[in-house]
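Examination of the molecular architecture
For reference, the chains in residue letters:
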Amino acid sequence: MAPIPFKQGANSSALVREAVTRATLATSAPPATDQIHGAEVRFGPPVKILAGDSTSAKVEKGLDLDLDLNLASVLCFEEVEGRKWRYVIDSDKNVRGARSVKAVAMQNPAPPIEDVVSFIRSFVVPEGFPDSVTPSFVPYMSWRALKHFFGGAMGVITTQTLLRSVGVCQNRAASGAVAINWILKDGAGRLGKMIFARQGRKFDYDLKQLRFSADLLLELGAGIELATAAAPQLFLPMACLANVIKNVAVVTSTSTRTPIYKSYARAENIGDVTAKGECVGNLADLMGTGMSIMISKHNPSIAASFAIFSFGYLFSSYKEVKNVVLNTLNRARFTVAVDSFIRTGYVPSLKEGNVKENIFSPPWERHTSVVLGSRFGDAFQEPSSFLHIKPLFDSERYMVTYNQSKDKIYALLKDQAKSDDILKAAFHAHVLLHFINSTKQRSMDFTAQLVESCKVVSSSYVDFKSKAHEQGWIISDALLNPGRARFCALKEQ
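Thresholds applied
- Every chain begins its residue count from 1, and numbering advances along the sequence as written.
- In keeping with the predicted nature of the model, local features appear solely for residues at pLDDT of at least 70, side-chain atom pairs appear and are counted solely at 80 or more, and the whole-chain, interface and lining totals rest on all residues.
- Side-chain figures throughout are based on the complete set of non-hydrogen atoms in the structure, without hydrogens or water.
- Working definition: helices are DSSP H or I runs of at least four residues, strands are E runs of at least two. Numbering for both runs from the N terminus.
- Relative accessibility thresholds used throughout: buried, under 20% of the residue-type maximum; exposed, over 50%; partly exposed, between the two (1.4 Å probe, protein chains only).
- Two residues form a contact once any of their heavy atoms are found within 4.5 Å.
- With residues, only the protein chains shown are counted as cover, and all accessible areas are computed by Shrake-Rupley using a 1.4 Å probe.
- Among the buried residues, those of types Ala, Val, Leu, Ile, Met, Phe, Trp, Tyr and Cys that are joined through side-chain atoms within 4.5 Å form a nonpolar core.
- Here a helix's expected span is defined as the number of its residues, less one, multiplied by 1.5 Å.
- We treat two strands as partners when DSSP finds at least two bridges between them.
- Pairing of aromatic side chains here covers Phe, Tyr and the six-membered ring of Trp, requires ring centres within 6.5 Å, and sorts the geometry by plane angle: under 30 degrees stacked, over 60 edge-to-face, intermediate tilted.
- Fitted lines through C-alpha atoms serve as axes, helices being fitted only where they are in contact, and the angles separating the N-to-C directions of these axes extend from 0 to 180 degrees.
- Confidence of the predictor in every single residue is expressed as pLDDT, which spans 0 to 100.
- Note on angle classes: values under 35 degrees are labelled roughly parallel, values over 145 roughly antiparallel, values of 65 to 115 roughly perpendicular, and the remainder oblique.
- Here a crossing is called left-handed whenever its near helix is offset anticlockwise from the far helix by less than a right angle, and right-handed whenever the offset is clockwise.
- Residues were grouped as follows: Ala, Val, Leu, Ile, Met, Phe, Trp, Tyr, Cys and Pro as nonpolar; Asp, Glu, Lys and Arg as charged; and all remaining residues, including Gly, as polar.

In the annotation of an unreviewed UniProt entry, the protein is listed under the name Protein root UVB sensitive 6 and assigned to Rhynchospora tenuis.

Now the structure itself:
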């Protein structure tokens, strides 16, 4: 397939204005409503300036859409995790003399107890519970919690026994055991595990990025432990901090280990693959320990030895992660696949797509060019920008726009959006990003690029999915980690 041609029509802006005029002249102005229904997608009652013939003529001539806005009008409704919002056109103009968008909550703030319960649930149950797990999940976790309860109790007793064995006074043995176990080893370390375990689904979204980040954290924790020699008076707080960091790294490494082993188990032999992988790791660890013991007999520089071993560890970790081949398309690999398809017309193979994946982009990175499933208020600051592009997406279950002030592409999802709609929105966002990046002057009107991107997506999205499946890619919206905001449909009055 030849590369996708990108043409910028000279009359693209005129086409958009004409589409807006036709859509709004054919629509009557029903009363505003705050009710949310699923019958038909509507973003709000028509703005007054678009309902009459005289104002429509102004749109035809390309004048500003908000010249005659005298009353606040509803643009759309939005629901985020059960909370509903209404976006309206503010009656006051901003410093540039244009109307702005204002978010208005549609219900009273939730009671504090609900926030507390929601916060606790985010630590102890997975997302989508109970539908996201099997019925045996609750009893399993209950017995696991009880087992670890008794294990922690026994840990204090065994430590107390060890302290007595080395001659510690019996009166201080119990308190010493508790301090060492809880403050230094168990308390700080398990706190770090618990806090980071809340990341949940991020271990599935970007497991290679998190796996490498875990190794970076592990080296950071080791470096803090090494620094205690320079500040022995701060041994306890530094040791606690190092233990927290290292336990966070352990949680991340453990959580990402199974999916990586699973990618190699072609004969449903994940148990055997896991056992062999752990055996190789333990053997190499023993050999490294033996080598370090022999080197230490010659009293080398601790700092120099740590620097050399740390560099070797991180370099090996990077090469290890880069050699993992996954057949799922997360955000990083989806970006590689779409960019290759736009430039060449072909989707990269599994190996090529994984090699080109950016490992240095952890899931908490916010400086991304494409925001999938964004909120309305983030994508639109002025109602005119929303009203200009709305007709282009009347037949779609998503909207894509470019915010020049933030220099980002925003893909907004409607409440009827299914898995394929989310994938199409992500594909459209990357196509529009390619148009924007190919334009030298980003301050110019982007409506021409938006119109062209709609044409390209309409003709090439199905072909992209077909070629991706031919290469063995598994496309799922779950790994694209879309935001939870959705447009809510309105009932006609």
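As a further point, take the overall build of the protein. Scanning the protein from terminus to terminus reveals 16 helices and 7 strands. Counting all 493 residues of the protein, 38% fall into the buried class. The contacts of the protein with a sequence gap of at least 6 include a subset with a gap of at least 24, amounting to 70%. If you sum the accessible surface of the protein, you get close to 27500 Å²; carbon and sulfur atoms cover 59% of it.

Phe376, Ile409 and Phe427 are the most contacted members of the largest nonpolar core, which totals 54 residues. Residues contacting Ile409, with those up to four places away along its chain left out, are Ser369, Val370, Val371, Val400, Thr401, Tyr402, Ala429, Leu432, Leu433 and Ile436. Counting 5 residues, the second largest nonpolar core, distinct from the first, contains Ile224, Ala231, Met238 and Ile245.

Now for the environment of Gly377. As for its placement among the helices and strands, Gly377 is situated in helix H13 (residues 376-379). With 276 residues separating them in the primary sequence, Gly377 and Val101 have C-alpha atoms 7.1 Å apart.

This part is about helix H11 (residues 331-344). When the terminal C-alpha atoms of H11 are compared, their 20 Å separation across 14 residues agrees well with the 20 Å that a helix rising 1.5 Å per residue should span. Here H11 has its buried residues at Ala332, Arg333, Phe334, Val336, Ala337, Val338, Ser340, Phe341 and Ile342. If you follow the buried residues of H11, they end up packed against helix H7 (207-227), helix H12 (350-355), helix H15 (419-438) and helix H16 (447-470). One or two steps after H11, the chain reaches Gly345, where phi turns positive at roughly 90 degrees.

What follows deals with the pairing of strand S1 (residues 74-80). Most of S1 sits out of view: 6 of its 7 residues are buried. Relative to strand S2 (residues 83-93), S1 is paired through 6 bridges, and the arrangement is antiparallel. Considered in S2, the bridge of Val74 is made with Val88. Bridge count between S1 and strand S7 (residues 486-488): 3 bridges; the pairing is antiparallel. Residue pairing across strands places Glu78 opposite Phe487, the latter belonging to S7.

As a further point, take the packing of aromatic side chains. Throughout the structure, instances matching the rule amount to 16 aromatic pairs. Measuring from centroid to centroid gives 6.2 Å for Phe311 and Phe315, while their planes differ by 15 degrees, and the two rings are stacked. With Phe311 and Phe315 both in helix H10 (residues 302-322) and 4 residues apart, the pair spans about one turn of that helix. Residue Phe315 is classed as partly exposed on the basis of its relative accessible area, which comes to 48%. When the centroid spacing of 5.6 Å and the interplanar angle of 20 degrees are considered together, the rings of Tyr318 and Phe360 count as stacked. Here Tyr318 is found in helix H10, whereas its partner Phe360 is found in the loop between H12 and strand S4 (370-372), with 42 residues between them in sequence. The exposure class assigned to Tyr318 is partly exposed, which follows from its relative accessible area of 26%.

Right, let's talk about the pairing of strand S6 (residues 408-413) for a bit. Taken residue by residue, a regular strand's side chains alternate between the two faces of the sheet. Of all 6 residues making up S6, 5 are buried, and the element is well covered by its neighbours. Pairing of S4 with S6 involves 3 bridges; the strand directions are parallel. Each residue of the ladder has a partner; that of Val370, found in S6, is Ile409. Where strand S5 (residues 398-403) and S6 come together, 6 bridges link them in antiparallel fashion. Bridge pairing links Val400 to Ala411 in S6.

Further remarks concern the environment of Arg333. The topology assignment puts Arg333 in helix H11. Looking at Arg333, the relative accessible area reads 3%, which means it is buried. Measuring from C-alpha to C-alpha, the distance between Arg333 and Leu480 comes to 9.7 Å, with 147 residues separating the pair along the chain. What Arg333 contacts, discounting residues up to four positions off in sequence, is Lys208, Leu326, Thr328, Gly353, Asn354, Glu357 and Trp473.

Glancing now at the sheet that holds S5. Reading across from one edge, S4-S6-S5 is the order of the 3 strands in this open sheet, with mixed pairing throughout. Edge strands, defined here as strands with exactly one partner in the open sheet, are S4 and S5. Taken pair by pair, the neighbouring strands of this sheet meet at an average axis angle of 15 degrees, ignoring direction.

On average, residues of the protein score 74 in pLDDT, and 68% of them are at 70 or above. Within the model, the stretch residues 19-72 combines pLDDT values under 50 with 102 contacts to residues more than four positions away or in other chains.

This part covers the side chain of Ser453. Secondary-structure assignment places Ser453 in helix H16. For Ser453, the residues in contact, after removing those within four places along its chain, are His428, Val431, Leu432 and Phe435.

A few words now on the packing of H15 against H16. One can describe the packing of H15 onto H16 by two numbers: an axis separation of 9 Å at closest approach and a directional angle of 130 degrees. In terms of axis orientation, H15 runs oblique to H16. Read as a crossing pair, H15 and H16 show a hand that is right-handed. The segment H15 lies against H16, with Asp420, Leu423, Lys424, Phe427, His428, Val431, Leu432, Phe435 and Ile436 engaging Gln449, Leu450, Glu452, Ser453, Cys454, Val456, Val457, Ser460, Tyr461, Phe464 and Lys465. Broken down by class, the residue content of the contact of H15 with H16 amounts to 12 nonpolar, 4 polar and 4 charged.

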